[in-house]
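Listed below, chain by chain, are the residues.
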Amino acid sequence: MQPSRNGDERSLRKPIGRHEVGSAVPLNAAPTPADPDLISEVDAAIAADRDRLIALSHDIHSEPELAFEEFRSVAKTIEPLRERGFRIETDVADLPTAFTAEYGSGDLVVGICAEYDALPEIGHACGHNIIAASSVGAALGLAAIADACDITVKVLGTPAEESGGGKVLMLERGVFDDVAMAMMVHPGPEDIAGAHSLALADLSVVFHGRESHASAAPQYGRNALDAVTVAQVALGLLRQHLLPGQQLHGIVGSGGVAPNIVPGHAELLYYLRAVDSAALDDLMQRASACFEAGALATGCTHEIRKLAPTYTELTPDSALLCAYREQIRDLGREPIAPEFEAARPLGSTDMGNVTNVIAGIHPVIGIDAGGAVTHQPAFAAAAVNASADRAVLDGATALARTAIHIAGDKVHRDRLSERVMQRQFQRQEDIR
């Protein structure tokens, strides 16, 4: 884990489950070269499914669905896996749009995460159609060599990344317990192998006042919208004093029903972000004081509620990252230099929670978006252009090759297997 850029020692704390636990293997030890015949077989399998994978990406893109409502997207993602003989389980972790698809019976489980939720009004402006299709492609490629590598390929259909934390819920409910490595690629304007993300808290702040006639009897009212205004002014003034990497941004979810009624109810919807969980806790305390100030100044009450699980920062596994960087370069891409990666955080993702527990990677794969960035309508349009189609295939190929390199390296295979056993033992202890 890297320290925050301000050198705050709190950012050096390590959550349980990090890669160092129970292993003397150097984390930056590059895996041994993979069998070139296996690489060729995987490449050929993915190339054979080229048209289908691109069609899947476009099909998901054409019918965007919001968090926990991705029923059509799930069906589309599962179809090629079922046809290839994957064992499908739906409604996993009590989530109607989560699924798993498994192939093979090897003792090392390779997890490939698929996302497919879209954004309100602007559709797939985060390119999750590319994620789903590339994950399916990687799984189909690995299925061709599963027996030879003694692996089980496990696709994890993870809903609600944009809001809802599907991966966090699946992680907490045991769906990842047998997974030795977890991987996915995410589209963006440029290639970033060791992508960084920010820890995130997704908040609703509700202010309760008292309605009254705004003209005839304003003295009897307590204005909840005024509480929102005071809180937002306080938050704006706080920004000058935030630690590097701390961010806060939000909208007014509701603020009254008519000009002649003193608003008795108002709501703020806010995201708090920070470079790591410790810095996020600090920001939460300071922002909470601003929300409280709004209520106190206006005679209102307030309540703060988390709308989704807290997202933690990405902590990629060094060996997986090394293998991926080599493979994506072999495919003709040049990711930005590692020393510049921290300056380009990609926002926040629930894959951070996964990588805090399981060896994983979440690289960014570049597409030509004409200068647009994620969460812009122009990026949504670019998510089905020729460069996006190439990203589907390159992403699938690089992920599959990475898995082969790690699975074929005894040192790293043993390291990851040991971590799985530790997690499973810990879960049994927790149940007791």
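This structure is a prediction, so every number in the text was calculated from the model and none was measured.

Q: I'd like a rundown of the overall build of the chain, residues and numbers included.
A: Across its full length, the chain carries 14 helices and twelve strands. Computed over the C-alpha atoms, the radius of gyration of the chain is 23 Å, within 12% of the 22 Å expected from 2.2 N^0.38 for a compact globule of 432 residues. With the C-alpha coordinates aligned to their principal axes, the bounding extent of the chain is approximately 80 × 45 × 45 Å. Sorting the 432 residues of the chain into buried and exposed places 55% on the buried side.

Q: Lay out the pairing of strand E9 (residues 265-274) in plain terms, naming residues and giving numbers.
A: For E9, the buried fraction is high: seven of the ten residues fall into the buried class. Pairing between strand E7 (residues 199-208) and E9: ten bridges, direction antiparallel. Following the sheet pairing, His 208 is matched in E9 by His 265. When strand E8 (residues 247-254) meets E9, the two strands line up antiparallel, connected through seven bridges. Within E9, the position partnered with Val 252 by the bridge is Leu 268.

Q: Kindly report on the nonpolar core, identifying the contributing residues and their values.
A: Ranked by size, the top nonpolar core spans 68 residues in total, and within it Leu 142 and Ile 151 carry the most contacts. The leading source of residues in this core is helix H13 (residues 386-407), at twelve residues. Core analysis: the second largest hydrophobic core is formed by 29 residues, Leu 235, Leu 268, Leu 283 and Cys 300 among them.

Q: Let's hear about the sheet that holds E7: which residues, and what values?
A: Read from one edge to the other, the open sheet built from four strands follows the order E8-E9-E7-E10, with strand pairing classed as antiparallel. The sheet terminates laterally at E8 and strand E10 (301-306), the two strands that pair on one side only. On average, adjacent strands in this sheet sit at an angle of 20° to one another, irrespective of strand direction. Contacting E7, E8 and E9, helix H7 (residues 224-238) crosses the sheet at an angle of about 20° to E9.

Q: How would you explain the sheet that holds strand E4 (residues 151-157) if you had to name every residue and give the values?
A: Taken together, the six strands give an open sheet; going across it, the order is E1-E2-E4-E3-E5-E11, and neighbouring strands pair in mixed fashion. Bordering the open sheet on either side are strand E1 (87-90) and strand E11 (359-361), each of which pairs with just one other strand. Put simply, the sheet's adjacent strands are angled 20° from each other on average, direction ignored. For strand E5 (residues 181-183) and E11, the ladder comprises three bridges, and the chain directions are parallel. Looking across to E11, one finds that Ala 182 is bridged to Gly 360. Contacting strand E2 (99-103), strand E3 (108-114) and E4, helix H4 (residues 128-143) crosses the sheet at an angle of about 155° to E3.

Q: Residues and numbers for helix H3 (residues 71-83), please.
A: Residue pairs spaced three or four apart in an α-helix point in one direction, given the helix's 3.6 residues per turn. End to end, H3 covers 18 Å across 13 residues, agreeing with the expected 18 Å (1.5 Å per residue, within 8%). The inward-facing, buried residues of H3 contact helix H2 (50-62), E1, E2, H4 and E4. Positive backbone phi, at 100°, marks Gly 85, one or two positions downstream of H3.

Q: Describe the environment of Leu 268, and please don't skip the residues or the numbers.
A: Note on placement: Leu 268 falls in strand E9. A relative accessible area of 0% places Leu 268 in the buried class. Apart from residues lying up to four places away in sequence, Leu 268 is in contact with Leu 203, Ser 204, Val 205, Phe 207, Val 228, Ala 231, Gln 232, Ile 251, Val 252, Gly 253 and Phe 291.

Q: Tell me about the UniProt feature "domain: Peptidase M20 dimerisation" (unreviewed entry) in the chain, and please be specific about residues and values.
A: If you check UniProt for "domain: Peptidase M20 dimerisation" (unreviewed entry), the listed places come out as residues 201-293 in our numbering. End C-alpha atoms of residues 201-293 are separated by 20 Å, and the span's content is 34% helix alongside 28% strand.

Q: Let's hear about the layout of surface pockets: which residues, and what values?
A: Size it by volume and the largest pocket reaches roughly 1,000 Å³. Around the largest pocket sit 38 residues that line it, and Leu 119, Glu 162, Tyr 271, Arg 273 and His 375 are the ones nearest its centre. Taken together, the elements giving at least two residues each to the lining of the largest pocket come down to strand E6 (186-188), E7, E8 and E9. Among the elements that take part in the lining of the largest pocket, E9 stands out by supplying four residues, more than any other. The class makeup of the residues in the lining of the largest pocket is 21 nonpolar, eleven polar and six charged. Mapping the lining of the largest pocket onto the domain boundaries places at least three of its residues in each of domain 1 (36-197 + 312-431) and domain 2 (199-306).

Q: Mind laying out unusual backbone geometry, listing which residues take part and the relevant values?
A: Positive phi, normally seen in glycine, also occurs at Asp 91, with a value near 55°. Mapped onto the fold, Asp 91 is located in the loop between E1 and E2.

Q: Describe in detail the domain arrangement of the chain, supporting the description with residues and values.
A: Per the domain assignment, the segments making up the chain are domain 1 (36-197 + 312-431) and domain 2 (199-306). The C-alpha centroid of domain 2 is placed 36 Å from the C-alpha centroid of domain 1. Each partner contributes to the interface: domain 1 provides seven residues, whereas domain 2 provides eight residues. For the pair domain 1 and domain 2, the summed buried surface comes to about 510 Å²; carbon and sulfur atoms form 37% of the total. Considering only the surface of domain 1 that becomes buried against domain 2, Thr 312, Glu 313 and Ser 348 emerge as the three largest contributors, covering 69% of it. On inspection of domain 1 and its partner domain 2, the count reaches two residue pairs in polar contact (both at pLDDT 80 or more). Across the side of domain 1 that touches domain 2, the residue classes break down as no nonpolar, five polar and two charged.

Q: Describe in detail the side chain of Arg 419, supporting the description with residues and values.
A: Residue placement: Arg 419 occurs in helix H14 (residues 410-431). Buried and unpaired, Arg 419 has Asp 317 as its nearest opposite-charge partner, separated by 4.5 Å. There is a polar contact of 2.8 Å between the side chain of Arg 419 and the backbone oxygen of Val 357.

About the cut-offs
Counting from 1, residues in each chain are numbered in the order their sequence is written. Reporting of local features is limited, given that this is a predicted model, to residues whose pLDDT is at least 70; pairs of side-chain atoms are given and counted only at 80 or more, and all residues count toward the totals for whole chains, interfaces and linings. Water and hydrogen atoms play no part in the side-chain values, which are based on all heavy atoms of the structure. To qualify as a helix, a DSSP run of H or I must reach at least 4 residues; to qualify as a strand, a run of E must reach at least 2; elements of each kind are numbered from the N terminus. Within these notes, the globule rule equals 2.2 Å times the number of residues to the 0.38 power, and the radius of gyration is based on C-alpha atoms. Between buried and exposed lies partly exposed: a residue is buried under 20% and exposed over 50% of the maximum accessible area for its type, with that area taken using a 1.4 Å probe on protein chains only. Any two strands between which DSSP finds at least two bridges are classified as paired. Residues belong to a common nonpolar core when they are buried Ala, Val, Leu, Ile, Met, Phe, Trp, Tyr or Cys residues joined through side-chain atoms within 4.5 Å. What counts as an axis is a line fitted to C-alpha atoms, over the stretch in contact for a helix, and the angles between N-to-C directions run from 0 to 180 degrees. Residues are treated as being in contact if the distance between any of their heavy atoms lies within 4.5 Å. Multiplying 1.5 Å by the residue count of a helix minus one yields the expected span of that helix. UniProt positions are given in the numbering used here, feature names are shortened, and annotations may be inferred rather than shown by experiment. Using a 1 Å grid laid over the protein atoms alone, points where a 1.4 Å probe fits but cannot get out form a cavity; open sets with protein on both sides within 12 Å along at least 5 of 7 lines form a pocket; any residue with an atom within 4 Å of a point counts as lining. Grid points are joined across faces, edges and corners, and a volume is the space filled by probe spheres set on the points. For this classification, the nonpolar set comprises Ala, Val, Leu, Ile, Met, Phe, Trp, Tyr, Cys and Pro, the charged set comprises Asp, Glu, Lys and Arg, and every other residue, Gly included, is treated as polar. The start and end points of each domain follow an automatic or database-based domain assignment. By buried area we mean how much accessible surface two parts lose on assembly, using a 1.4 Å probe and totalling the loss over both. In protein, a polar contact requires one atom able to donate a hydrogen and another able to accept it; more generally it is a pair of N or O atoms within 3.5 Å, and residues adjacent in sequence count only if both atoms are side-chain atoms. Positive charges are assigned to Lys and Arg, negative charges to Asp and Glu, while His and the chain termini are left out of the count. Salt bridge, as used here: a side-chain nitrogen of Lys or Arg that lies within 4 Å of a carboxyl oxygen of Asp or Glu.

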